[in-house]
Structures are given as structure tokens and as C-alpha cells.
Protein chains: 2
Amino acid sequence: MSVYTKLSEPELDTFLSTYLVGQVLHFEGIEAGIENSNYFVTTDQGRFVLTIFEQASVEGLKYCLELMAFLSDCALPSPRPVANTRGEYLNTVKNKPAALVERLGGASIDKPGIEHCRLVGKTLGAMHNAAQSYPATRENERGRAWRAVTAEQIRGHLNTADKSLLDREMVFSKSFDFSYCKRGVVHADLFRDNVLFEGPKLSGLIDFYYAHSGSLIYDLAVTVSDWCFGSDETVFNQPCAKALVQAYSETRVVDTMEIEAWLPSLRAAGLRFWLSRLKDQLFPRHGHLTHIKDPAPFKTVLQHCQLHSDQLQSVWS
Amino acid sequence: MSVYTKLSEPELDTFLSTYLVGQVLHFEGIEAGIENSNYFVTTDQGRFVLTIFEQASVEGLKYCLELMAFLSDCALPSPRPVANTRGEYLNTVKNKPAALVERLGGASIDKPGIEHCRLVGKTLGAMHNAAQSYPATRENERGRAWRAVTAEQIRGHLNTADKSLLDREMVFSKSFDFSYCKRGVVHADLFRDNVLFEGPKLSGLIDFYYAHSGSLIYDLAVTVSDWCFGSDETVFNQPCAKALVQAYSETRVVDTMEIEAWLPSLRAAGLRFWLSRLKDQLFPRHGHLTHIKDPAPFKTVLQHCQLHSDQLQSVWS
């Protein structure tokens, strides 16, 4: 959530005039995140996040915002989007799509412990279960086609070792067929900065803007690829990963095919984020405040998958 | 090579009358092997093996016999089929397809050492290279369709643990796509009893009757699944496997995709032979002399693949 689009107070007031949320007390840009522009907006009636979408399709955003409303109705800790006076979640500011959502309490955790991981696994499982009845579908915008184009864009900028790692993963990513894995709504970006805790309680899953219809086991792998790699001194935090995976599988039954797909899912997750972060690093977008994340941790995920698959697989036993 | 079809001396004489191989001095059934009926035939002009094919298609057999002639022309140690007076490799005896091939010297090795494995890897690589220009193709008769039918046949006869192992492997076998792996002629059954040694020299690759067009890396995995598992006290003989694989890859360049496909190939090999041996055990065919092989070693291969993938993958490093 870097800030690419700068918003003035009068522009904010115009935008908020189509909502019934009271008078603005405070607003500020949020530096964290990388895709969209985000502002905290506090009014006399509540705390909100205003997001201006920089690259997303209107159809995809409607899917995400309605999903957040749906999950919120299911008592999942996801922020409820606020409808404007025309009853729409999706609005416009400065000719860009924008939305106002409830701001949840709590803060993200940089160095998660076992109990945090357990709660994340459990809540992700609950989200997957609840969303089984969400009727809409959305394609993955960071899927096969995106991967091919992006790899092509960045390949020439890599050193020999990284080129070889990329080639190996691109080749592998074609060979595993996820169509046998159970599908549903996936968050696809449930990283540490997208989960909020209030003390020991998980208070929010946020930033559903990559959510799409995909393999559920891939979503678990995306989550583990961030929560259980590199957040402490060790490359892979096995106790944390085991806690996350076991809590998840106590909440949603994981079948044999999904357990077989675990390593390919971790590699798919590692490749997706390594590629997107390399791209952001090599071809930065201009903005008011921007925050580019380091690709290195996902290179580490991929290398670890290639060398220590037994250890990674053992989280299921 | 069990003996299902018993042949009398007059029947043998009638058969041999269409060949120019001289007078029979000796003949006897061969007990080893499981699919076809085989006889050693010694005449005053040479030593031969007569094979009567119990279940094979004529078209497939022509592919195999011509392949053996082709490889023999390439100076590979494969037995040369003998053409009859009509110039045909494939003949008939007792209304079954039959062929006469050169009998090579040497004997098979039960407990191979590192040097045996190195020679097997090197010769398999040379065979794959040479056969790249073999023009004919043949489908794998022990492929996806056969696997599905056979698993269905035997599943009800297995105990709970074996059923669960079978289900897991059947599910996995669908998910890996070998179409990205380099293809060519594969022997598909290069087990210890199908390689002959004369002292330290590899003198023959025999029994090409499962040869077909397939992934070359699968053929290497089939070979390792027998040569490097269970022939000594340890389950997996890593030094032997490393020697076999390295000698192979010094002879034929193995690409990244094939190295990625190594474990799926070992599991495909383990499943194929576990299934066929279980089937032979549960539904034995009647014959004069029959030799049914134990399915257990391939169950061990599969279990080892599930638990010790890093060790198996490390043969490439």
C-alpha cells in the first residue's frame, strides 16, 4: 500500500460526500504495501481505509469487495466495505477506482510465534470453508500468462545463477497439474502485513485485492512462504509451519492430492512473489510514497524447496 | 520368462525348419522372467533364445524386434533377432507369435556393485542416444489406461495401508506432466535380470519387449528402481544410484526438466511394477513353469520416495 496517487483534503471531502460516514477528523497516507494507494481516514463516526486502485480491473474489484462483505457476514474478521449513497462498494476518485472499507483494530506482527501461526492457519481454514458458498469467480491475475510475460521481462536483468534458478522454476511450474486440487476462494496474499492481531487475538485479515478462484493448498503455501520463512534467524521455521498447517487442517480437511501438491504449491508461491518483487525492483513505478519489497526472501524459499523438500513436507506428519 | 507354453522337440523342429540355423543340439525352458515363454536353443551353428509371446500384440513385437536389430547395428550389446527364410523376425508357433534371437554370453548379477551400476548407466545413455534415430514409435502398454484398470482390479484385495498407498500414488501419478521431458525409445524393464555381464564387461541388454516411445528419464528411473533398491542390506544404495545416474548423464545430457521429473519418474516406476506384480500375485496365469516376482520391493520404493525425496534427488548433485 504505497501512495502513488496523492489526495488533497478537498478531493477527499468530495469523495466522502457520497458516503454517510460523518465529518473527517484526520487522514494520512499509508506507506506499507506495494500495489495500491491507501489512506487512513478517521471521521466522527468511525475509522476507515480509503484505497485507490492503481492497476486493478473494475470487475475484479467488485469480486473482492463483495467477497469482503460476504466474509464479514460469515463472522470472519475481514473488514466490511462501506457502500456509498448509491449502494455501491466501488467508487471513483481522480478517475481511478476507489473504495472505503472499515478499519479494523490491531496491528501486524513482524516476528510471529507459534501461537500467531496457529491462529493464522485456523482462520485461513475457516475463510476457505466459509467462502465455499461464495458464488462469484475471478481468474488469477498472477497466473500462468502473467508469469510467462514477467519472466521474459526480467530474465535479461538477472545474473547467471538467478537466471538458472528462474529457468528451473519456470520449467517446473509447467509440469505440475493443480487441477486435481480442491478449489475455492483464495486470498493469495495473506502475508504478515495483511493479518492484524490485538494482543493474542487475531483481529483481521485484510487486503483481499488479489483474492481469486484457485487451489486452496496454494493459498496455504503462500501464507507459509511468508509467515514461516525468514522471520527469525533460521531460514525455515518448522515449528511455526507445523503449527500453521496443523491448525489449518483441523479446520478444513486436506486430502491426499493436496498434500502431494504441497511442495509444488510452495514453489509456485515462491516463484510468484520472487517474480513480482524483482519486477517492482527493476521497473519501479513512480509515486508519492513508495515501498518496494525485497525479492531475496522468495529466492530463499525456492532454493530451500529445491534442497530440503523432506523437511518442508514433514509439516504434514 | 516363465514357461507358459510347453514346446515338444518335434514342434521345435518344425519351427526351426523355417530358419537357417543348423541342427538342434540342446533345448530347455528358462524359468526366469514373468511375461513370456522362453527356451534356450543350441544348434551346431550357434546359441539362441526362442521366445513365445503370451500376451503381446504383433505390431508391438515387430517394433521391438526391429529395434533390437537397429541397436545391434549401432554396436549396442543387444541380441540380434534372427530372420527366417522369408526374411521375417516375427514368426508363429502353436498359433502364438514367436521369435528367435541371438543368445548373448554372460550372466545377470544379483548383487551389483558400483562399477556394474556405472556400466549400466553408461550403456543405457548410449542406447537412448543411438535410438534417437530409430524411426518407429510404439505406445506404452503399461501406461495411464493400464494403470487405472489394474488398480481397479487389485484395490479390493489390499489391506487398508496398501490401499491408502495405492490411492496416494494413483492420485499423484495424474498430477505430474511428463510431456515436458525429452522422449525417445525406452527399454522400460532394464532390471538386473535383463543385463548380462561377462566378468567386468557389460555384455548384453536383453528383453526389449516392453520397449516403447516414452520419457527417457522414466527409463533411467525404472533402471534405478531395481538396480539400486534392496539388492543389499540397505533399502536404497545411494553410491550405486549416484554412479549409475552420473555415468548416464555423462553419456546423454540430462536437462533441468528431467532432473525435476526424477522423483515423479521413480514413483511412476515404483507404481507400475508394484501394480503388475500385485496383479500377477493375485491373478496368477497357469503355465508349465511360472515365476512370480515379489511386489514388496516396489512398495518399498514408493514408501522411500514419499519419505526420503531429498536423498533420492541428491544423486544428481
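Below is a short write-up of the structure. A quick note: this is a predicted structure, and the numbers were derived from the prediction, not measured. (Residues numbered from 1 in each chain as written. Chains lettered and ligands numbered in written order. Predicted model: local features only at pLDDT ≥ 70, side-chain atom pairs only at ≥ 80, totals over all residues. Heavy atoms only, no water.)

**Quick notes on the pairing of strand E7 (residues 195-198) of chain B**
All names here are of chain B.
Logical step 1: Strand direction decides the pairing type here: E7 and strand E8 (residues 201-205), joined by four bridges, are antiparallel. Looking across to E8, one finds that phenylalanine 197 is bridged to leucine 202.
Logical step 2: From the end of E7 to the start of E8, which pair antiparallel, there are two residues, and glycine 199 there has a positive phi angle of about 60°. (Pairing = 2+ DSSP bridges. Helix = DSSP H or I, 4+ residues; strand = E, 2+ residues; numbered from the N terminus.)

**As for the packing of helix H9 (residues 262-282) of chain B against helix H10 (residues 296-307) of chain B**
Residue and element names in this part refer to chain B.
Logical step 1: Packing of H9 against H10 brings their axes to within 8 Å, and their N-to-C directions diverge by 155°. Here H9 lies roughly antiparallel to H10, going by the angle between them. Helix-helix and strand crossings are classified by hand; for H9 and H10 the assignment is left-handed. Mapping the contact onto sequence places Leu263, Leu266, Arg267, Gly270, Leu271, Phe273, Trp274 and Arg277 in H9 and Phe298, Lys299, Val301, Leu302, Cys305 and Gln306 in H10.
Logical step 2: Looking at the contact of H9 with H10 residue by residue, the class counts come to nine nonpolar, two polar and three charged. (Axes fitted to C-alpha atoms, helices over the stretch in contact; angles between N-to-C directions. Parallel < 35°, antiparallel > 145°, perpendicular 65-115°, else oblique. Left-handed = near helix turned anticlockwise from the far one by under 90°. Contact = heavy atoms within 4.5 Å. Nonpolar A, V, L, I, M, F, W, Y, C, P; charged D, E, K, R; others polar.)

**Here we look at unusual backbone geometry**
Residues other than glycine predominantly adopt negative phi, and peptide bonds predominantly adopt the trans conformation.
Logical step 1: Positive phi, close to 50°, is recorded for Lys94(A), a residue that is not glycine.
Logical step 2: Looking at the secondary structure, you find Lys94(A) in the loop between strand E4 (91-93) and strand E5 (96-102).
Logical step 3: Residue Asp207(B) is not a glycine yet carries a positive backbone phi of 60°.
Logical step 4: Assignment of secondary structure puts Asp207(B) in the loop between E8 and strand E9 (212-215).

**Topic: the sheet that holds strand E4 (residues 91-93) of chain B**
All names here are of chain B.
Logical step 1: Within the open sheet, the five strands sit side by side as E1-E2-E3-E5-E4. Their pairing is antiparallel. Two strands bound the open sheet, and with one partner strand each, they are strand E1 (24-29) and E4. The mean inter-strand angle of the sheet, taken between neighbouring strand axes irrespective of direction, is 30°.
Logical step 2: Bridge count for strand E2 (residues 37-43) against strand E3 (residues 46-52) is seven bridges, and the pairing is antiparallel. Opposite asparagine 38, over in E3, you have threonine 51 as the bridge partner.

**Observations regarding the sheet that holds strand E2 (residues 37-43) of chain A**
All names here are of chain A.
Logical step 1: Ordered by their spatial adjacency, five strands build an open sheet running E1-E2-E3-E5-E4, and the pairing between neighbours is antiparallel. Here the strands that pair on one side only, and so sit at the sheet edges, are strand E1 (24-29) and E4. Neighbour to neighbour, the strand axes of the sheet diverge by 30° on average, direction disregarded.
Logical step 2: Here three bridges tie E4 to E5, and the two strands are oriented antiparallel to one another. Of the residues in E5, the one forming a bridge with asparagine 91 is alanine 98.

**A closer look at the relation of the copies chain B and chain A**
Copy one and copy two of the chain differ by a rotation about a common axis and a shift along it.
Logical step 1: Once chain B has been moved 0.0 Å along the axis and rotated by 180°, it coincides with chain A to within an RMSD of 0.0 Å. Here the symmetry operator amounts to a two-fold rotation axis. Minimal C-alpha separation from the rotation axis in chain B is found for Phe176(B), amounting to 2.4 Å. (Least-squares fit on C-alpha atoms with pLDDT ≥ 70 in both.)

**A short note on the nonpolar core**
Logical step 1: Core analysis: the largest hydrophobic core is formed by 166 residues, its most contacted members being Val224(A), Trp262(A), Val224(B) and Trp262(B).
Logical step 2: Those residues in contact with Val224(B) that lie beyond four places of it in its chain are Phe229(B), Phe236(B), Ala241(B), Leu244(B), Val245(B), Trp262(B) and Leu266(B). (Core = buried A, V, L, I, M, F, W, Y, C linked by side-chain atoms within 4.5 Å. Buried < 20%, exposed > 50% of the residue type's maximum accessible area, 1.4 Å probe, protein only.)

**Quick notes on helix H6 (residues 216-227) of chain B**
Residues and elements named next belong to chain B.
Logical step 1: Over its 12 residues, H6 runs 17 Å from end to end, which matches the ideal 16 Å to within 8%, given 1.5 Å per residue.
Logical step 2: Burial runs high along H6: 12 of the 12 residues are buried.
Logical step 3: Looking at H6, one finds that the buried residues are Leu216, Ile217, Tyr218, Asp219, Leu220, Ala221, Val222, Thr223, Val224, Ser225, Asp226 and Trp227. (Expected span 1.5 Å × (residues − 1).)

**A closer look at the interface of chain B and chain A**
Logical step 1: In this assembly, 18 residues from chain B lie in contact with 18 residues from chain A.
Logical step 2: Interface of chain B and chain A: buried area, both sides summed, is about 1,600 Å²; carbon and sulfur atoms make up 55% of it.
Logical step 3: A per-residue breakdown of the area chain B buries against chain A is headed by Ser175(B), Glu260(B) and Asp310(B), which together make up 34% of the total.
Logical step 4: Counting across the interface, chain B meets chain A through four salt bridges.
Logical step 5: Its salt-bridge partner being Glu260(A), residue Arg168(B) comes within 2.2 Å of it at the nearest N-O pair.
Logical step 6: At the boundary of chain B with chain A, the tally comes to 10 residue pairs in polar contact (both at pLDDT 80 or more).
Logical step 7: Taken together, the elements giving at least two residues each to the side of chain B that touches chain A come down to helix H5 (160-175), helix H8 (256-260) and helix H11 (309-313) of chain B.
Logical step 8: By residue class, the composition of the side of chain B that touches chain A is six nonpolar, five polar and seven charged. (Buried area = accessible area lost by both parts, 1.4 Å probe. Salt bridge = Lys/Arg side-chain N within 4 Å of Asp/Glu carboxyl O. Polar contact = N/O pair within 3.5 Å; in protein donor to acceptor, adjacent residues only side chain to side chain.)

**Side note on the packing of helix H6 (residues 216-227) of chain A against helix H7 (residues 238-251) of chain A**
Think of two packed helices as two axes; the pair is described by the angle between the axes and how far apart they sit.
Residues and elements named next belong to chain A.
Logical step 1: Between H6 and H7, whose axes approach to 10 Å, the crossing angle comes to 155°. Between H6 and H7, the interaxial angle falls into the category roughly antiparallel. As for the relative orientation of H6 and H7, their crossing is right-handed in sense. Between H6 and H7, the residues in contact are Leu216, Leu220, Thr223, Val224 and Trp227 and Ala241, Leu244, Val245 and Tyr248, respectively.
Logical step 2: For the contact of H6 with H7, the residue count by class is eight nonpolar, one polar and no charged.

**Things to note about the packing of aromatic side chains**
Residues and elements named next belong to chain A.
Logical step 1: Taken as a whole and judged by the stated rule, the model has 24 aromatic pairs over all chains.
Logical step 2: Between phenylalanine 191 and phenylalanine 273, the ring centres sit 4.5 Å apart and the planes meet at 45°, which makes this aromatic pair tilted. With a gap of 82 residues between them, phenylalanine 191 in the loop between strand E6 (183-186) and strand E7 (195-198) and phenylalanine 273 in helix H9 (residues 262-282) connect regions that are remote in the sequence. Each member of the pair, phenylalanine 191 together with phenylalanine 273, is buried.
Logical step 3: An aromatic cluster of three or more residues is present, and its members are Tyr63, Phe70 and Tyr134.
Logical step 4: One cation-aromatic arrangement involves arginine 103 over phenylalanine 40; the distance from NZ or CZ to the ring centre is 3.5 Å.
Logical step 5: The cationic tip of arginine 272 hangs over the ring face of tyrosine 210; the distance from NZ or CZ to the ring centre is 5.0 Å. (Phe/Tyr/Trp six-rings, centres within 6.5 Å; stacked < 30°, edge-to-face > 60°. Lys NZ or Arg CZ within 6 Å of the ring centre and 35° of its normal.)

**Examining the environment of Thr150(B)**
Residues and elements named next belong to chain B.
Logical step 1: Within the secondary structure, threonine 150 sits in helix H4 (residues 144-155).
Logical step 2: Through-space distance from the C-alpha of threonine 150 to that of glutamate 250 is 37 Å; in sequence the pair is 100 residues apart.
Logical step 3: Other than its neighbours up to four places away in sequence, threonine 150 contacts Leu275 and Lys279.

**Looking at the environment of Phe283(A)**
All names here are of chain A.
Logical step 1: Position of phenylalanine 283 among the secondary structure elements: in the loop between H9 and helix H10 (296-307).
Logical step 2: Between the C-alpha atom of phenylalanine 283 and that of alanine 151, which follows or precedes it by 132 residues, the distance is 13 Å.
Logical step 3: Those residues in contact with phenylalanine 283, other than ones at most four positions away along the chain, are Gln153, Ile154 and His157.

These values are about where atoms sit, not about what they do.
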